[in-house]
Amino acid sequence: MADLDVGDLAPQFDLPRDGGGSLSLTASSGKPVVLYFYPQDDTTSCTQEAISFSQLKPEFEKAGAVVIGLSPDNVKKHDKFKSKYNLTIDLAADEERKVIEAYHLWVEKSMYGRKYMGVERATFLIGADGRIARIWRKVRVKGHAEEVLEAVRAL
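1. Considering the overall build of the protein
Turning to step 1, where the next piece is worked out: Counting secondary structure elements, the protein contains five helices and nine strands.
Turning to step 2, where the next piece is worked out: Counted from the first residue to the last, the protein has its helices and strands arranged as β-β-β-α-α-β-α-β-α-β-β-β-β-α.
Turning to step 3, where the next piece is worked out: Computed over its C-alpha atoms, the radius of gyration of the protein comes to 14 Å, within 12% of the 15 Å expected for a compact globule of 155 residues.
Turning to step 4, where the next piece is worked out: Reported as C-alpha extents along the three principal axes, the dimensions of the protein are approximately 40 × 40 × 30 Å.
Turning to step 5, where the next piece is worked out: Across the 155 residues of the protein, 46% fall into the buried class.
Turning to step 6, where the next piece is worked out: Considering only residue pairs separated by 6 or more positions, the protein has 63% of its internal contacts joining residues 24 or more positions apart.
Turning to step 7, where the next piece is worked out: When the 22 positive and 23 negative side-chain charges of the protein are each reduced to one mean point, those points stand 4 Å apart.

2. What to know about helix α1 (residues 44-55)
Turning to step 1, where the next piece is worked out: Over its twelve residues, α1 extends 17 Å from the first C-alpha to the last, a length consistent with the 16 Å expected when each residue adds 1.5 Å.
Turning to step 2, where the next piece is worked out: Among the structural elements, β3 (33-37), α2 (57-62), β4 (66-71), α3 (75-85), β8 (122-126) and α5 (144-154) are those in contact with the buried residues of α1.

3. Digging into the side chain of Asp41
Turning to step 1, where the next piece is worked out: Positionally, Asp41 belongs in the loop between β3 and α1.
Turning to step 2, where the next piece is worked out: Here Asp41 occupies a buried position and makes no salt bridge, while the nearest side chain of opposite charge, Lys77, is found at 5.7 Å.
Turning to step 3, where the next piece is worked out: Side chain to side chain, Asp41 and Tyr38 meet in a polar contact 2.5 Å long.
Turning to step 4, where the next piece is worked out: If near-sequence neighbours (up to four positions away) are discounted, Asp41 is found in contact with Ser71, Asp73, Lys77, His78 and Phe81.

4. Focus: the packing of aromatic side chains
Turning to step 1, where the next piece is worked out: For the structure shown, the criterion picks out eight aromatic pairs.
Turning to step 2, where the next piece is worked out: Ring centres of Phe37 and Tyr103 lie 5.1 Å apart, and the angle between their planes is 45°; on these two criteria the pair is classed as tilted. In this pair, Phe37 is assigned in strand β3 and Tyr103 in the loop between α4 (98-102) and β6 (106-111), connecting sequence segments 66 residues apart. The burial state of Phe37 is the same as that of Tyr103; both residues are buried.
Turning to step 3, where the next piece is worked out: Among the aromatic residues, ring-to-ring pairing joins Tyr36, Tyr38, Phe53, Phe60, Phe81 and Tyr85 into one connected group.

Quick notes on the rules
Residues numbered from 1 in each chain as written. Predicted model: local features only at pLDDT ≥ 70, side-chain atom pairs only at ≥ 80, totals over all residues. Heavy atoms only, no water. Helix = DSSP H or I, 4+ residues; strand = E, 2+ residues; numbered from the N terminus. Rg over C-alpha atoms; globule rule 2.2 N^0.38 Å. Buried < 20%, exposed > 50% of the residue type's maximum accessible area, 1.4 Å probe, protein only. Contact = heavy atoms within 4.5 Å. Lys, Arg positive; Asp, Glu negative; His and termini not counted. Charge placed at Lys NZ, Arg CZ, Asp CG, Glu CD. Expected span 1.5 Å × (residues − 1). Salt bridge = Lys/Arg side-chain N within 4 Å of Asp/Glu carboxyl O. Polar contact = N/O pair within 3.5 Å; in protein donor to acceptor, adjacent residues only side chain to side chain. Phe/Tyr/Trp six-rings, centres within 6.5 Å; stacked < 30°, edge-to-face > 60°.

Below you can see the structure in the form of structure tokens.
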């Protein structure tokens, strides 16, 4: 299975979301979508990233973009996470990891010499045409949301 690349059609999805209902790529067609993948709700880096995207949500909206955070956590956990940190971005629950795997982000990781499988922190900027416009892999959280916003503005 080849990795996704800029110019490829973004894999479609329809997943349960925080607060009920579902999130899909097709529901946002005609708008750029910032789809960011993160390992787990309420961990230090994941929380910082979600807060950064939430703080910049008005700017993303002004640029015409939708921001969706996606992790393998369930909807109930997403709801608690959003409430605890007053997050304003949409969160999708991919408990079966189908979308995570479609984007090739279920990877072997290593911590303190122990190897395990987990979600690679990555962001995909999907253009209004449904094609991948930009990819950030192995994301470092500090300054990331601002960098993605600049890329959205440059579309």
